[in-house]
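# Coordinate analysis (summary)
Here's the letter readout for the chains.
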Amino acid sequence: NAGVTQTPKFQVLKTGQSMTLQCAQDMNHNSMYWYRQDPGMGLRLIYYSASEGTTDKGEVPNGYNVSRLNKREFSLRLESAAPSQTSVYFCASSGEVLGTSHTFGSGTRLTVV
Amino acid sequence: SQQGEEDPQALSIQEGENATMNCSYKTSINNLQWYRQNSGRGLVHLILIRSNEREKHSGRLRVTLDTSKKSSSLLITASRAADTASYFCATFKAAGNKLTFGGGTRVLVKP
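Residues numbered from 1 in each chain as written. Chains lettered and ligands numbered in written order. Predicted model: local features only at pLDDT ≥ 70, side-chain atom pairs only at ≥ 80, totals over all residues. Heavy atoms only, no water.

## Observations regarding the overall build of chain B
In terms of regular secondary structure, chain B is built from zero helices and eleven strands. In terms of overall size, chain B behaves like a compact globule, its C-alpha atoms giving a radius of gyration of 13 Å where 111 residues would be expected to give roughly 13 Å. Dimensions of chain B along its principal axes, counting C-alpha atoms only, are 45 × 25 × 20 Å. Counting only residues that meet the buried cut, chain B has 43% of its 111 residues in that class. Partitioning the intrachain contacts of chain B with sequence separation of at least 6 by distance along the chain shows that 54% fall at a separation of at least 24. (Helix = DSSP H or I, 4+ residues; strand = E, 2+ residues; numbered from the N terminus. Rg over C-alpha atoms; globule rule 2.2 N^0.38 Å. Buried < 20%, exposed > 50% of the residue type's maximum accessible area, 1.4 Å probe, protein only. Contact = heavy atoms within 4.5 Å.)

## Focus: the pattern of salt bridges
Throughout the structure, instances matching the rule amount to five salt bridges over all chains. Note that A:Glu79 is salt-bridged to A:Arg77, the shortest N-O span being 3.2 Å. Judged by relative accessible area, which is 31%, A:Arg77 ranks as partly exposed. For B:Glu55, the salt bridge identified is with B:Arg62, shortest N-O distance 3.2 Å. (Salt bridge = Lys/Arg side-chain N within 4 Å of Asp/Glu carboxyl O.)

## Focus on the sheet that holds strand β1 (residues 4-7) of chain B
Residues and elements named next belong to chain B. The strand order β1-β3-β8-β7-β6 describes an open sheet built from five strands, whose pairing is antiparallel. Taken across any chain shown, the strands that pair with only one partner, and hence form the sheet edges, are β1 and β6 (55-58). Averaged over all pairs of adjacent strands, the angle between their axes in this sheet comes to 15°, without regard to strand direction. In this structure, β1 lies alongside strand β3 (residues 19-25), joined through four bridges in antiparallel fashion. In the sheet register, Asp7 faces β3, and the bridge partner there is Asn22. (Pairing = 2+ DSSP bridges. Axes fitted to C-alpha atoms, helices over the stretch in contact; angles between N-to-C directions.)

## Topic: the environment of B:Arg60
All names here are of chain B. By the secondary structure assignment, Arg60 is in the loop between β6 and β7 (61-66). C-alpha separation for the pair Arg60 and Ile76, spaced 16 residues apart in sequence, amounts to 5.7 Å. For Arg60, the contacting residues outside a window of four places in its chain are Leu75, Ile76, Thr77, Ala78, Ser79, Arg80 and Asp83. From its side chain, Arg60 meets the backbone oxygen of Ala78 in a polar contact 3.3 Å long. Of note is the side chain of Arg60, whose polar atom sits 3.0 Å from the side chain of Asp83. (Polar contact = N/O pair within 3.5 Å; in protein donor to acceptor, adjacent residues only side chain to side chain.)

## Some points on the confidence of the model for chain B
Across chain B, the average pLDDT comes to 92, with 95% of residues at or above 70. The weakest mean pLDDT in chain B belongs to β1(B) at 82; the strongest belongs to β7(B) at 98. (pLDDT = per-residue confidence, 0-100.)

## Digging into the confidence of the model for chain A
In the predicted model, chain A carries a mean pLDDT of 93, and 96% of its residues have values of at least 70. Averaged pLDDT values over the elements of chain A bottom out at 92 in strand β6 (residues 56-57) of chain A and peak at 98 in strand β8 (residues 74-78) of chain A.

## A few points about the pairing of β7(B)
Of the two faces of β7(B), only one is covered, namely that formed by B:Leu61, B:Val63 and B:Leu65; the face formed by B:Arg62, B:Thr64 and B:Asp66 stays uncovered. Where β7(B) folds back onto strand β8 (residues 71-76) of chain B in an antiparallel hairpin, the turn is made up of four residues, including B:Lys70, whose phi is positive at roughly 55°.

## Observations regarding unusual backbone geometry
Each neighbour pair has its own omega, and for A:Thr7 with A:Pro8 the value is -5°, a cis peptide bond. With respect to the helices, strands and loops of the structure, A:Pro8 is situated in the loop between β1 (4-7) and β2 (10-13). Of note, the bond from B:Asp7 into B:Pro8 is cis; its omega dihedral lies within 30 degrees of zero at 0°. The topology assignment puts B:Pro8 in the loop between β1 and β2 (10-14).

Listed below in structure tokens is the structure:
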């Protein structure tokens, strides 16, 4: 009953460094998503993957890239981190593209200094 | 801009009281979803109401949807300290295929 697993839980980066956030789900869901949550705000969609082999931009894709490695795994990469990317990142999955309820991971708290 | 806007932004009540929060949105939707987020955790889905539904219940939760007013409400009855969390509404539009979250209502239930 793991659901959606994200790693790491915490990360501190220096400006310009790169890193990849990992996400895996074990619910056989087709769709996966990456969101960011900033203080006092709701979640904003960065990228999503409707199915294995496809990815699409969300509301705030600039500065990020994604890879849908297989049906289970969806990674988010920051090529050159900026302080504006300091945020909490959540991965989620659902059985269909949006429209239905999401299952969320526990989040990655990223600080860029 | 956010499609869903919750009101109030924060709510403090005593255990046993009811908590009501509202969500307003700007354009037509296909469904509206409510999520709970405990501090430092991911969001947990509570309830989904479709645009052709007016009310849904789940345990101590009651959700209403008024598409003419473009608003929804979440009622938590007989609140418990464990209900302390942030609550978010999210609206889904098939056109554009978007699920958009509001800024949330922080609920504090005092024992």
